[in-house]
Amino acid sequence: MASEENNRGAFRIQEFYCRKMDAPIYAAICTAIADGLTRGSETGRRVLDWPGEPTRDALPLRLVGGLHALVLAGSDAELAEAFAGRLEGEALQAALNRVLARNDAALLPWLDGPPQTNEPGRSGALIVGLIEVARRFGPKLEILEIGSSGGLNLLIDRYRFDLGGALLGPAESPVTIAPAWLGDPPALPPLEIVSTRGCDVAPLDVTDPAVEARLSAYVWAETPMRLERLRKAIGMVRAGGVRLDHADAADWVEARLAEPQAEDVTRVLMHSVVWQYVPDASTARIRAAMEAAGAAATLERPLAWVAMEPDRALGEQVVSVRSWPDGGPRVVVATAHAHAAWVRPGAERSSEQGIVLDAAAEVRL
């Protein structure tokens, strides 16, 4: 149920995630907002009166993205001090309330929609699922991604991967994704991604400098390596483009599954950190469409579903695979850091104590 207490609690949950992901400055900012946010700004009032489920709506990331945009633009010196980690406790709380009051007009639009982080590093976790699909059905994969944002993970066939020393992808790629690999290097089957295509309800043209600036603001200030990788990936889109459609996810999946499928090519639905933003009616349609297409799948024309979606209680991402014609249950093939700074192959989850969540905040495929 929507309440000020629940909305403040979302920032405490995000503080847990930030600490787990080695982002202490962002964790401190989230704690300061949870404990000290006032109604002295329109932004503060809107956050405290948020009508939806704030964790599922990624309310903290919306606000912090807007704050980071101000820092990157050099618009507020006091805020820059906070993002540099030079303020803490009550001083940080007071500073953030002053910042919000000064910058309402700039910050309010950041609350209007969910963050489209479009983190290229996610490909370092998604590729584990695609490797499993290739192991099951053969090398050729046709990738269909929903929630593609600006399409940076549609470059998954053009990235170079270093998975604990196992190398995959073109050696000349401008972007090498090398997560800390918490396990044995994978045995790599032959893998050929024959095509990638994606959709988003609000696709981003990452070649637009204003869009690049917005995506840069969603990159946490404590991870400059991510920002460098983002900019290189955007350069790859400028150089070669991606196939990205403006469409509702359910409409698009139904249409793509109805198209002819080449023999000996596995059709793969893929997505990462998007399921929470898709309306429940649409997720039901996608499940039904995949079940129907799976019932018609054959070994010559297989179907697979690769997802990287959060276990919110543990603050980890779960990479899972389901496939047809075998039609078996979804199998976890890896867990990962939200930006794939590390990947743990296999089904093992963290043994750390998690955080208590409202049921509405959980993500269920």
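Provided above is the structure to which this section pertains.
If you're wondering where the values come from, they're calculated on a predicted model, not measured in any experiment.

About the thresholds
- Counting restarts for each chain: residues are numbered from 1 in the order of the written sequence.
- In view of the model being predicted, local features appear only for residues whose pLDDT reaches at least 70, and side-chain atom pairs are presented and counted only at 80 or more, with totals across whole chains, interfaces and linings using the full set of residues.
- Computation of side-chain values: all heavy atoms of the structure, hydrogens and water removed.
- Convention adopted: a line fitted to C-alpha atoms gives each axis, helices being fitted over their contacting stretch, and angles between N-to-C directions are expressed from 0 to 180 degrees.
- Every helix listed is a DSSP run of H or I at least four residues long, and every strand listed is a run of E at least two residues long, numbered separately from the N terminus.
- It is the rotation of the near helix from the far one that decides the hand of a crossing: anticlockwise by less than a right angle makes it left-handed, clockwise makes it right-handed.
- Throughout, a residue-residue contact means that at least one pair of heavy atoms, one from each residue, lies within 4.5 Å.
- Three classes are used, and their members are as follows: Ala, Val, Leu, Ile, Met, Phe, Trp, Tyr, Cys and Pro are nonpolar, Asp, Glu, Lys and Arg are charged, and the others, Gly among them, are polar.
- Should DSSP find at least two bridges between two strands, the strands are regarded as paired.
- Salt-bridge detection follows one rule: a side-chain nitrogen of Lys or Arg within 4 Å of a carboxyl oxygen of Asp or Glu.
- The cut-offs for exposure are 20% and 50% of the maximum accessible area for each residue type, with area from a 1.4 Å probe on protein chains only; residues under the lower value are buried, those over the upper are exposed, and the others partly exposed.
- Nonpolar cores are built from buried Ala, Val, Leu, Ile, Met, Phe, Trp, Tyr and Cys residues. Side-chain atoms within 4.5 Å join them into one set.
- What counts as a ring pair is set by centres within 6.5 Å for rings of Phe, Tyr and Trp (its six-membered ring), and what kind of pair is set by the plane angle: stacked under 30 degrees, edge-to-face over 60, tilted for all other angles.
- Geometrically, a charge over a ring is one whose NZ (Lys) or CZ (Arg) sits within 6 Å of the ring centre while staying within 35 degrees of the ring normal.
- By definition here, a helix of n residues has an expected span of 1.5 Å times n minus one.
- Polar contacts here mean pairs of N or O atoms no more than 3.5 Å apart (in protein, one a potential hydrogen donor and the other a potential acceptor; neighbouring residues in sequence count only if both atoms are side-chain atoms).

(A) Seen up close, the packing of helix H4 (residues 59-72) against helix H9 (residues 209-218). Direction vectors running N to C along H4 and H9 enclose 115°, while the axes themselves pass 7 Å from each other. The two elements H4 and H9 meet at a crossing, and its hand is right-handed. Residues Leu61, Gly65, His68, Ala69 and Leu72 of H4 lie in contact with H9, whose contacting residues are Ser216, Ala217 and Tyr218. In the contact of H4 with H9, the residues fall into five nonpolar, three polar and no charged.

(B) A look at the sheet that holds strand S5 (residues 180-181). Pairing within the open sheet is mixed, and its nine strands lie in the order S5-S12-S11-S10-S9-S8-S1-S6-S7. In the strand order of this sheet, the two ends are held by S5 and strand S7 (244-246), each with one partner. The pairing of strand S1 (residues 140-146) with strand S8 (residues 266-272) spans five bridges and is parallel. Looking across to S8, one finds that Ile143 is bridged to Val268. Contacts between helix H12 (residues 280-296) and the sheet are confined to S1, S8, strand S9 (303-311) and strand S10 (316-324), with S9 contributing the most and set at about 150° to the helix.

(C) Looking closely at the pattern of salt bridges. All chains considered together, the criterion is met by 27 salt bridges. Between Glu81 and Arg86 there is a salt bridge; the shortest N-O distance is 3.1 Å. Arg86 sits in the exposed class, given a relative accessible area of 55%. Glu119 is paired through a salt bridge with Arg226; the nearest N and O atoms lie 2.6 Å apart. Residue Glu119 is found in the loop between helix H7 (104-107) and helix H8 (123-137), and its partner Arg226 is found in helix H10 (residues 224-240); the two are separated by 107 residues along the sequence. Accessibility classification places Glu119 together with Arg226 in one group, the buried group. Three or more residues are tied together by salt bridges with common partners; here these are Glu4, Arg8, Arg39 and Asp49.

(D) Inspection of the nonpolar core at higher detail. With 45 residues, the main nonpolar core has Ile127, Leu130, Leu152 and Tyr159 as its most contacted residues. Per-element accounting of this core gives the leading share, eight residues, to H8. The contact partners of Ile127, leaving out residues within four places of it in the chain, are Ile156, Phe161, Leu163, Leu168 and Leu191. In this structure, Ala27, Ile33, Trp50 and Leu63 belong to the second largest nonpolar core, which totals 35 residues.

(E) Fine view of the environment of Gly66. Relative to the assigned elements, Gly66 resides in helix H4. Judged by relative accessible area, Gly66 falls into the buried class, the value being 1%. Sequence separation between Gly66 and Ala23 is 43 residues, and the spatial gap between their C-alpha atoms is 17 Å. When residues no more than four places from it in sequence are discounted, the contact partners of Gly66 are Leu107 and Trp110.

(F) Structural detail: the sheet that holds strand S2 (residues 160-163). With respect to topology, three strands assemble into an open sheet ordered S3-S2-S4, the strand pairing being mixed. The open sheet is flanked by strand S3 (166-168) and strand S4 (176-177), the only strands paired with a single partner. Relative to S4, S2 is paired through two bridges, and the arrangement is parallel. Across the sheet, residue Arg160 finds its bridge partner in S4, namely Thr176.

(G) Focus on the packing of aromatic side chains. Across all of its chains, the model carries six aromatic pairs by this definition. With centroids separated by 5.8 Å and ring planes inclined at 55°, the aromatic side chains of Phe16 and Tyr17 adopt a geometry described as tilted. As far as the burial class goes, Phe16 and Tyr17 line up, both buried. With centroids separated by 5.3 Å and ring planes inclined at 70°, the aromatic side chains of Trp110 and Tyr218 adopt a geometry described as edge-to-face. A residue pair is termed long-range when its members are at least 10 positions apart, and Trp110 in the loop between H7 and H8 and Tyr218 in helix H9 qualify at 108 residues. Among the aromatic residues, those joined into a ring-pair cluster are Tyr26, Phe83 and Trp220. Directly above the aromatic system of Trp110 lies the positively charged group of Arg214, at a separation of 4.1 Å from the ring centroid.

(H) A look at H4. With 14 residues, H4 should reach 20 Å at 1.5 Å per residue; the first-to-last C-alpha distance of 20 Å fits that figure. Counting buried residues in H4 gives ten out of 14 residues, a clear majority hidden from the surface. Just downstream of H4, Gly74 is the residue with a positive phi angle, here 65°.

(I) View of the pairing of S2. In this sheet, S3 lies alongside S2 in antiparallel orientation, the contact comprising three bridges. Counted as the bridge partner of Asp162 is Leu167 from S3.

(J) Representation of H9 in the model. For H9, every residue scored as buried is listed here: Val211, Glu212, Leu215, Ser216, Ala217 and Tyr218. Each element contacted by the buried residues of H9 is listed here: H4 and H10. Backbone nitrogen of Ala210 and a side-chain oxygen of the N-cap are separated by 2.9 Å at the start of H9; the cap is Asp208.

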